[in-house]
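Residues per chain, in single letters:
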Amino acid sequence: MNVLSVEGLSVDFVTAEGRSRAVNDVSFSVPRNRTVALVGESGSGKTVISQTIMGLLPEKAHVTGGRVLFRDPATEGDPVDIAQLDRKGPTLRAIRGNRIAIIFQEPMTSLSPLHTIGDQIGEAAQLHRGAGPAEARELTREMLSLVRFPDPVRGLDAYPFELSGGLRQRAMIAMAMICHPALLIADEPTTALDVTIQAEILKLMKDVQETLKMSMLLITHDFGVVANMADEVVVVYHGRVMEQGSAAQLFGNPQHAYLKALLNAVPRFGMEPGERLVPIRPIEPHAEGFLKSGRTRAATPGTPLVSLSGVTKRFVTRKAGMFGGKSHALLALDDINLTVNRGECLGLVGESGSGKTTTAKAILRAIEIDGGEIRYDAGAGPVDVSKLSGADLLDYRKRVQLIFQDPFSSLNPRMTVNDLLSEPLVIHKVGTPEERAERVRELMRLVGLDARFLRRYPHSFSGGQRQRIGIARALALNPEFILCDEPTSALDVSVQAQILNLLKDLKRELGLTYLFVSHNLAVVDYIADRIAVMCRGRVVEVAPTRELIENPLHPYTRALLDSVPEPDLDAPLDFARLDAGRASEPDAWPHPYRLTDGMTPTLVETEPGHFVCAPGLAGRAPLSSVKEAVS
C-alpha cells in the first residue's frame, strides 16, 4: 500500500519576469513503513515538492498538473488529492501537522524564539488531538523522552536559543511526531549538524519510524545519509525525475549521467593520492597579474608559519535574571599547542563547541587570549601576535584572511560584488582606483566568475557562487595564510566538490597555507596534509592525514570516523556502537586518555609526527613503549 502517490506533478511560479516551471511532470510513491529519499542539488525542486505535499506553497506558486494522492492507513476511505484542496481549508488543515508532518532544515529559524519548547510542541496536540493544556504538556514530555531529550521536564520550559543545534532538531522531531503521523517529510534534517549529532538524529529517526510504523520522505543531497536511511531513491534535477529505483539499484548500478556525476563528487575515505573529486561544473583558476607578481617567497615551505603555545581562552557567561545572576566561566581553549607549517593545509576537526572557530579567531586576533602565545613568522623570525600594533598589526591583517562558514550572511546584501571585493583594497590603501578595478576583475577570473557580474548584489547568486565571492574577497590583499571556517558545510555535494578543488588549486598556484576548520573528516581527508582533532577545547590528536585516518588512536577520533556516513551500502553506520559510546565526554574516556577537571591535556608522541592526548602516559619513554600502551 502506498501512503503517498505523486502522479505527473507540475508546479509553476508566476513572477514579474514571467512564468517559470519549478516541478515538471514528477511521479513517485512512498510505500507504507518505508523511506524514500528525494535527492538533488539546491534548486532542483525538492523543497517545492514537499511544500506541495504539505499544502504550503507560496501564493505565487500554482499546481498546473498532476495529482498528490494521500491514503491514510488509519482510515478505510478513498485517497485524498492534496493538490485539489484549498490550502487554508479545514480538510487540509486536519491533515497538515496531524497525518502528514514535516521536519524543516534549519531548526533555529523554524522554532519561535518567543515561546518555550513545551508550548510549541504541545500546540499540535491541542489543535489536532483535542488535548487540554495539562494533557498536552504530558504528551510533550513523553515525546521529548522518546526523542531522548537529556532532561525532558526541564526541556518543556526551555527556549530555542538555550538549546544546541542537535537538541533543537530533536525538539522539531518531537513536534512532528506528537500526533503520530502516517507520513513524515524530513527536509534536510541533518544538514546543519555535526557528524556525531547527525548519526544520533539518523538513528533516532529510524527508531521512531519503527515505533510509530510510519512512512518517511527524506529530502537530502547527502548520499551518505541516503545509503543509511533509504529503501528507495528518487533523483531530481531541474524539476524533473532523472532516475528512481531501490537504493541497491541506484548505488550498485547508476544509469543516468547526472546521478553518476553526483556520486563522483562525494568525498570519501581511501581516495588515491592525487585523485580528485569530479564536480558537475568544474572551475579552473588562473592566477595572473598582481596575484602572481605581488607574491614573495619569504621563507622555505615546511617551516613553521604559525605556532600556538599553551593558548587558553575563557568566556564568562552570566545567567540572565531580574536581579542578575552568578557568572560562569567557560573554558573554550585549554592549553592549545599547535603548529601550522608554511605551504601546508592543516585540518582542524571536532564537534560544535569543541573550540575550532575560537582557535581560528584567536590566530586572526579577532579575540584576545587569556594565556599562552601565538607566534607568526612572516620571514623575519616569529613574532608574538598579541603584541602587534599600528602598522605591524595592519600588515598582519593583510597576510592572514578568513573565509566564513555561511556565504549567505557573510556578504553585505547592500553592497555590489564590485564594492565587496574592492573594500579591502580601499581600507588598506592599495593601488589607484584603476589598479583596484583591474585587481577586482582578476579576482573574479580567478574564482571562475564572469566580470559582468560585478554590478550584481549577493542575493542574485547561488550558494556556491557566493562562497566563491567570499574566497575572492579573502584573496584580495594577496594573503599567505587563510583560515577556512567550514567553507563547504552549507553547500550541496556537487558545489562542495567545486569549492574544495578550487581551494586545492589556489593553494598550489599561489603557495597558500590553510587552516581548514570542519566537522566532516571525509572532507578534511581530501584537502588536508595533516589533521588536528579537538574536543571540549583541547587538542586530542595530531597526525599526518593518512596516518590519522588509517590508525586513529584517541577514542574521540575513532568516534568521529565511525560517525561519518559513507555513500556505500556495504559500509553502514553502526548505530548500536555509536549509541553505546560517550566519546565527547573527557571524564568517560578510558585510561590513559581520561581527562578530569584541572588535568593538563598533555600530547604524547606515539610515532614521528603522530601525537595523542594521553595524560596517563606523560613523561613515558621511549616511543615504542608509548605506542604499545595506547594500542
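Definitions and cut-offs
- Residues numbered from 1 in each chain as written.
- Predicted model: local features only at pLDDT ≥ 70, side-chain atom pairs only at ≥ 80, totals over all residues.
- Heavy atoms only, no water.
- Helix = DSSP H or I, 4+ residues; strand = E, 2+ residues; numbered from the N terminus.
- Rg over C-alpha atoms; globule rule 2.2 N^0.38 Å.
- Buried < 20%, exposed > 50% of the residue type's maximum accessible area, 1.4 Å probe, protein only.
- Pairing = 2+ DSSP bridges.
- Axes fitted to C-alpha atoms, helices over the stretch in contact; angles between N-to-C directions.
- Contact = heavy atoms within 4.5 Å.
- Salt bridge = Lys/Arg side-chain N within 4 Å of Asp/Glu carboxyl O.
- pLDDT = per-residue confidence, 0-100.
- Arc of directions from axis to C-beta.
- Parallel < 35°, antiparallel > 145°, perpendicular 65-115°, else oblique.
- Left-handed = near helix turned anticlockwise from the far one by under 90°.
- Nonpolar A, V, L, I, M, F, W, Y, C, P; charged D, E, K, R; others polar.
- Phe/Tyr/Trp six-rings, centres within 6.5 Å; stacked < 30°, edge-to-face > 60°.
- Core = buried A, V, L, I, M, F, W, Y, C linked by side-chain atoms within 4.5 Å.
- Polar contact = N/O pair within 3.5 Å; in protein donor to acceptor, adjacent residues only side chain to side chain.
- Patch = residues over 30% accessible without salt bridge, like charges linked within 9 Å, V, L, I, M, F, W, Y side chains within 5 Å.
- Areas by Shrake-Rupley, 256 points an atom, 1.4 Å probe, with all protein chains shown as cover.

Section: the overall build of the protein chain
- Along the backbone of the protein chain there are 23 helices and 22 strands.
- Relative to the globule expectation of 25 Å for 631 residues, the C-alpha radius of gyration of the protein chain, 26 Å, shows essentially globular dimensions.
- With the principal axes as the frame, the protein chain shows a C-alpha extent of 80 × 60 × 60 Å.
- For the protein chain, the proportion of its 631 residues judged to be buried stands at 53%.

Regarding the sheet that holds strand S3 (residues 35-39)
- Read from one edge to the other, the open sheet built from 6 strands follows the order S6-S7-S8-S3-S9-S10, with strand pairing classed as mixed. Either end of the sheet is taken by a strand with one partner, and the two such strands are strand S6 (100-103) and strand S10 (240-246). This sheet shows a mean twist of 15° between the axes of neighbouring strands, independent of strand direction.
- Where S6 meets strand S7 (residues 183-187), 4 bridges bridge the pair, whose relative direction is parallel. Within S7, the position partnered with isoleucine 102 by the bridge is isoleucine 185.
- Lying over the sheet, helix H7 (residues 165-177) contacts S6 and S7, oriented at roughly 175° with respect to S6.
- Helix H8 (residues 195-212) rests against S3, S7 and strand S8 (215-220) of the sheet, and its axis sits at about 160° to S8.

Some remarks on the sheet that holds strand S20 (residues 538-544)
- An order of S16-S17-S18-S13-S19-S20-S22-S21 is seen for the 8 strands of this open sheet, with the pairing classed as mixed. Only two strands of the sheet have a single neighbouring strand rather than two, namely strand S16 (400-403) and strand S21 (603-607). Between one strand and the next, the sheet's axes are offset by a mean angle of 20°, whatever the strand orientation.
- Sheet analysis places S21 next to strand S22 (residues 610-613), joined by 4 bridges and oriented antiparallel. The residue of S22 that forms the bridge with glutamate 607 is histidine 610.
- Those strands touched by helix H17 (residues 463-475) are S16 and strand S17 (481-485), and its axis lies near 175° from that of S16.

Section: the pattern of salt bridges
- Under the criterion given, the structure shown has 29 salt bridges.
- Among the salt bridges present, the one from arginine 99 reaches aspartate 72, with a minimum N-O distance of 2.8 Å. Placement of the pair is arginine 99 in the loop between helix H2 (90-95) and S6 and aspartate 72 in the loop between strand S4 (61-70) and strand S5 (80-81), with a sequence separation of 27 residues. This pair shows no difference in class: arginine 99 is buried, exactly as aspartate 72 is.
- Between glutamate 480 and arginine 342 there is a salt bridge, with its nearest N and O atoms 3.1 Å apart. You can see glutamate 480 sitting in the loop between H17 and S17 and its partner arginine 342 sitting in the loop between strand S12 (327-341) and strand S13 (345-349), a full 138 residues away along the chain. With respect to class, glutamate 480 is no different from arginine 342; both count as buried.
- Connected through salt bridges with shared partners, the residues Arg342, Asp395, Arg399 and Glu480 form a single ionic network.

Let's talk about the confidence of the model for the protein chain
- Confidence along the protein chain averages 87 in pLDDT terms, with 93% of residues attaining 70 or more.
- The low-confidence segment residues 320-324, where pLDDT is below 50, has 1 contact with residues more than four positions distant or belonging to other chains.
- Long-range and interchain partners of residues 621-628, a stretch whose pLDDT sits below 50, account for 12 contacts in this model, where long-range means more than four residues apart.

Describing helix H11 (residues 257-264)
- Those residues of H11 that sit buried are Tyr258, Leu259, Leu262 and Leu263. Looking down the long axis of H11, one finds its buried residues gathered within 135° of arc, a one-sided arrangement.
- Elements that come into contact with the buried residues of H11 comprise helix H9 (223-229), strand S9 (232-237), S10, helix H10 (247-252) and helix H18 (493-510).

Let's talk about the packing of H7 against H8
- As a packed pair, H7 and H8 sit with axes 11 Å apart at the nearest point and diverge in direction by 15°. It follows from the interaxial angle that H7 and H8 lie roughly parallel. When the axes of H7 and H8 are compared, the crossing they make is right-handed. Taking contact as the criterion, the partners of Gly166, Gln169, Arg170, Ile173 and Met177 in H7 are, on H8, Ile197, Glu200, Ile201, Leu204, Met205, Val208 and Leu212.
- Across the contact of H7 with H8, the residue classes break down as 8 nonpolar, 2 polar and 2 charged.

Section: the packing of aromatic side chains
- In the structure shown here, the tally under the stated rule is 5 aromatic pairs.
- Here the aromatic rings of phenylalanine 223 and phenylalanine 251 are separated by 6.1 Å at their centres, their planes lie at 90°, and the arrangement is edge-to-face. Taken together, the positions of phenylalanine 223 in helix H9 and phenylalanine 251 in helix H10 put the pair 28 residues apart, joining distant regions of the chain. Neither phenylalanine 223 nor phenylalanine 251 differs from the other in exposure class; each is buried.

A closer look at the nonpolar core
- Counting residues in each nonpolar core, the largest one holds 73 residues, and the members touching the most others are Leu421, Ile471, Leu475, Leu506, Phe516, Leu521 and Ile531.
- When residues of this core are assigned to their parent elements, the largest contribution, 8 residues, is made by H18.
- In terms of nonpolar packing, the next biggest core, distinct from the first, is built from 44 residues, Ala101, Phe149, Leu212 and Leu573 among them.

Remarks on the environment of threonine 488
- Along the chain, threonine 488 turns up in the loop between S17 and H18.
- Spatially, the C-alpha atom of threonine 488 lies 7.7 Å from that of leucine 500, the residues being 12 residues apart in sequence.

Points about the environment of arginine 375
- Its place among the elements puts arginine 375 in strand S14 (residues 371-377).
- For arginine 375, a relative accessible area of 28% translates into the label partly exposed.
- Apart from the residues within four sequence positions on either side, arginine 375 is in contact with Leu305, Val306, Ser307, Pro382, Val383 and Asp384.
- Side chain to side chain, arginine 375 and glutamate 373 meet in a polar contact 3.3 Å long.
- Of the polar contacts made by the side chain of arginine 375, one reaches the backbone oxygen of proline 382; its length is 3.3 Å.

Details of the side chain of serine 215
- Mapped onto the secondary structure, serine 215 falls in strand S8.
- According to the relative accessible area criterion, serine 215 is buried, its value standing at 1%.
- Of note is the side chain of serine 215, whose polar atom sits 3.1 Å from the backbone nitrogen of asparagine 33.
- Discounting chain neighbours no more than four positions away, the residues touching serine 215 are Val3, Val30, Pro31, Arg32, Asn33, Arg34, Ala182, Leu183, Leu184 and Gln209.

Considerations on a nonpolar patch on the surface
- Among the surface-exposed residues, Met108, Tyr159 and Phe161 lie close enough to one another that they form a single nonpolar patch of about 290 Å² accessible area.
- Residue position: methionine 108 is located in helix H3 (residues 107-110).
- The class for methionine 108 is partly exposed, based on a relative accessible area of 33%.

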